[in-house]
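Notes for the structure review
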Amino acid sequence: RESIDTQEPVLTGAEVARHNSKDSCWVIVHGKVYDVTEFLPEHPGGSKIILKYAGKDATEEFDPIHPPDTLEKYLDKSKHLGRVDMSTVQVEAKTHDPEEEARLERIKRMPPLEQCYNLTDFESVAKMVMKKTAWGYYSSGADDEITMRENKLAFHKIWFRPRILVDVENVDLSTTMLGSKCSIPFYVTATALGKLGNPEGEVVLTRAAHTHDVIQMIPTLASCSFDEIVDAKKGGQVQWLQVYVNKNREITKGIVQNAERRGCKGLFITVDAPQLGRREKDMRSKFDDVGSNVQRVDGDTVDRSQGVARAISSFIDPSLSWKDIPWFRKITKMPIALKGVQRVEDALKAVEYGVDAIVLSNHGGRQLDTAPPGIEILAEVMPALRDRGWQDKIEVYIDGGIRRATDILKALCLGAKGVGIGRPFLYAMSTYGQSGVERAMQLLKDELEMDMRLIGASKISDLDTTMVDYRGLSSHVVPVPGDMLGQSTYDSLVSPSFRLS
Ligand SMILES: Cc1cc2c(cc1C)[n+](S(=O)(=O)[O-])c1c(=O)[nH]c(=O)nc-1n2C[C@H](O)[C@H](O)[C@H](O)COP(=O)(O)O
């Protein structure tokens, strides 16, 4: 943390503790005292969650949700009251929490990393050991989670048509994405709040991505500050920026131009979230945590029962539209991609607007439930582009439900330039840290090298639509093989407390 400023006033814990109400609310974060009284009604997460820590040390609750420079950036300097002598701050006795104790016991019994043989193994360990809020936030999809499940099942509707007697002694997995070289056709997609799963947050993904020469998309809603994530990159490591467009366009302009200055090589504008989806597992875990029904009694303006997602996204501008695309062209020279395109017509429109790339994505099933899987839209978009001779005018990516290298291969055969992967790297990071993410990436690399040999391809450009049979893709009632692995980790919507014993 920053160096100690000896001129700063030093308060005692008792002095801070006296300011513990909405009439005067002081909190401690990383040994510094902040007067947040006037900020209470503006807090996107509602006043209740701050009042829970009024007069106390809020660092533990603050860290996973807010980049470290949040208070420096957004709280007026007059509200920065100085430091506190931490030896005088009363440490709250932890209330007895049998669930938490059981979770800590399960952590002691975690399988060794070497026993994780596929990305779903990380998910099953994560379900065992992650805090409820973190698991609820990462694992949740919107509404009945039909799209989240279909993202995975859609790949099981596609069958390979392998070629034989092709020299596959040397296999080259490298490719380029938005003009940047990378060792393998997948990237770490943008997922918010990395510190919910790992106290170090997104920089863990940065370090692992460097190890494997994988591109990382930096989320707007990261727990780490943007600069922390960029500072963590090494050498020529490639990073992109994902942006949720702010109602205050000047804030977005500043974020985009800072990212370009700091060397980001692509701007991904998320277009499928004018409002964040209703993710009930997330809502339930936050509901337990801050007792939202109580907050309504004290007139809290923001309904915390929307969970973490809604609480952190009130700044997103729902008025964003095609007419804004030229404005982005004016403020940056980075290649521009639209993340969250979900139909052919918009893919074609993206070409007409001169966009450099699109990600066919439904946000991991976290937005509009029963929106189609990215792989399914891909099978419609590529022929439409080819019919117009536009296939080289735009790069097409997909994300959602990618858990095996065969999923990556199917996307590449259908014409994708690369794929984004979200939850698996979050689960790997939340259970085994950087070495977990590195192993997850290595597993995909090993699988992909083997799959390329078995399909009869020695380099990415050998892959084409003749190597897959995707006739079953568009029908949603085709029986698919039982997804036994996925079912074993799937966490149903109904919260355990609702199960009648
Ligand atoms: C799992 C997850 C996904 C999020 C994500 C957070 C989590 C925990 N968040 S969210 O809080 O707003 O929903 C983002 C985000 O910040 N920005 C974004 O563009 N996509 C966000 N996504 C979507 C992500 O970029 C991919 O589209 C999705 O994760 C791909 O599906 P898989 O997880 O199955 O790989």
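Everything numeric in this text was worked out from a predicted model, so none of it was measured.

Focus: unusual backbone geometry
Phi at H30 takes a positive value of approximately 50 degrees, unusual for a residue other than glycine. For H30, the location among the structural elements is in the loop between β2 (26-29) and β3 (32-35). In this structure, H363 takes a positive phi of about 70 degrees despite not being glycine.

Section: the confidence of the model for the protein
Looking at the protein as a whole, the pLDDT averages 90, with 91% of positions reaching at least 70. Ignoring residues within four places in sequence, the model shows residues 495-499, a span with pLDDT below 50, making four contacts including any to other chains. With pTM at 0.87, the complex prediction returns an ipTM value of 0.99.

A closer look at the pairing of strand β10 (residues 239-243)
Burial analysis of β10 places five of its five residues in the buried class, the great majority of the element. Of the two faces of β10, the one lined by Q239, L241 and V243 and the one lined by W240 and Q242 are each fully buried. In this fold, strand β9 (residues 215-218) hands off to helix α10 (residues 226-231), which returns the chain to β10; that crossover is right-handed. Where β10 meets strand β11 (residues 267-270), three bridges bridge the pair, whose relative direction is parallel. Opposite V243, over in β11, you have I269 as the bridge partner. The parallel pair β10 and β11, bridged by helix α11 (residues 249-261), forms a crossover whose chirality is right-handed.

Section: the site of the ligand
Not every one of the 23 residues close to the ligand is listed here, only the nearest: Y137, A190, Y244, T270 and R403. Note that an oxygen atom of the ligand is positioned 2.8 Å from one of the side-chain N or O atoms of K339. Backbone polar atom of G401 to an oxygen atom of the ligand: 2.9 Å apart, as the coordinates give it. Contact with the protein chains covers 100% of the free accessible surface of the ligand, which is 650 Å².

Quick word on the nonpolar core
Within the largest apolar cluster, 110 residues are counted, with the highest numbers of intra-cluster contacts made by F186, I375, L378 and F425. Looking at this core element by element, the count peaks at 14 residues for helix α19 (residues 423-455). In this structure, V29, I49, A54 and L71 belong to the second largest nonpolar core, which totals 15 residues.

With respect to the sheet that holds strand β15 (residues 418-421)
The eight strands lie next to each other as β8-β9-β10-β11-β12-β13-β14-β15, forming a closed barrel whose pairing is parallel. Pairwise comparison of adjacent strand axes, ignoring direction, gives a mean angle of 30 degrees for this sheet. The pairing of strand β8 (residues 186-188) with β9 spans two bridges and is classified as parallel. Among the inter-strand pairings, V188 is bridged to a residue of β9, identified as Q216.

Observations regarding the packing of aromatic side chains
Between two aromatic rings, the relevant description is the distance of the centres plus the angle of the planes. Under the counting rule described, the total for this entry stands at eleven aromatic pairs. In this structure an aromatic cluster arises from ring pairing among Y187, W240, F268 and Y397. When the ring centre of W390 is taken as origin, the NZ or CZ atom of R388, which lies over that ring, is 6.0 Å away. The aromatic ring of F160 is capped on one face by K410, whose charged end is 5.3 Å from the ring centroid.

Considerations on the sheet that holds β3
What the four strands build is an open sheet, ordered β1-β4-β3-β2; its pairing is mixed. The open sheet terminates on both sides in strands that have one partner only, identified here as β1 (10-11) and β2.

Focus: the packing of helix α18 (residues 405-413) against α19
Two numbers describe how α18 lies on α19: the axes approach to 8 Å, and their chain directions differ by 55 degrees. One finds that α18 runs oblique with respect to α19. Where α18 crosses over α19, the two elements pack in a sense that is right-handed. Taken together, the residues of α19 that come into contact with α18 (itself represented by A405, T406, I408, L409 and C413) are L444, E447, L448, D451, M452 and I455. Broken down by class, the residue content of the contact of α18 with α19 amounts to eight nonpolar, one polar and two charged.

Examining the side chain of S180
Following the sequence through the fold, S180 ends up in strand β7 (residues 180-182). With residues near it in sequence (within four places) discarded, S180 still touches T175, I215, V238 and K265.

Definitions and limits used
- Residues numbered from 1 in each chain as written.
- Predicted model: local features only at pLDDT ≥ 70, side-chain atom pairs only at ≥ 80, totals over all residues.
- Heavy atoms only, no water.
- Helix = DSSP H or I, 4+ residues; strand = E, 2+ residues; numbered from the N terminus.
- pLDDT = per-residue confidence, 0-100.
- Contact = heavy atoms within 4.5 Å.
- Buried < 20%, exposed > 50% of the residue type's maximum accessible area, 1.4 Å probe, protein only.
- Right-handed = clockwise from strand over helix to strand, strands pointing away.
- Pairing = 2+ DSSP bridges.
- Near = heavy atom within 4 Å.
- Polar contact = N/O pair within 3.5 Å; in protein donor to acceptor, adjacent residues only side chain to side chain.
- Areas by Shrake-Rupley, 256 points an atom, 1.4 Å probe, with all protein chains shown as cover.
- Core = buried A, V, L, I, M, F, W, Y, C linked by side-chain atoms within 4.5 Å.
- Axes fitted to C-alpha atoms, helices over the stretch in contact; angles between N-to-C directions.
- Phe/Tyr/Trp six-rings, centres within 6.5 Å; stacked < 30°, edge-to-face > 60°.
- Lys NZ or Arg CZ within 6 Å of the ring centre and 35° of its normal.
- Parallel < 35°, antiparallel > 145°, perpendicular 65-115°, else oblique.
- Left-handed = near helix turned anticlockwise from the far one by under 90°.
- Nonpolar A, V, L, I, M, F, W, Y, C, P; charged D, E, K, R; others polar.

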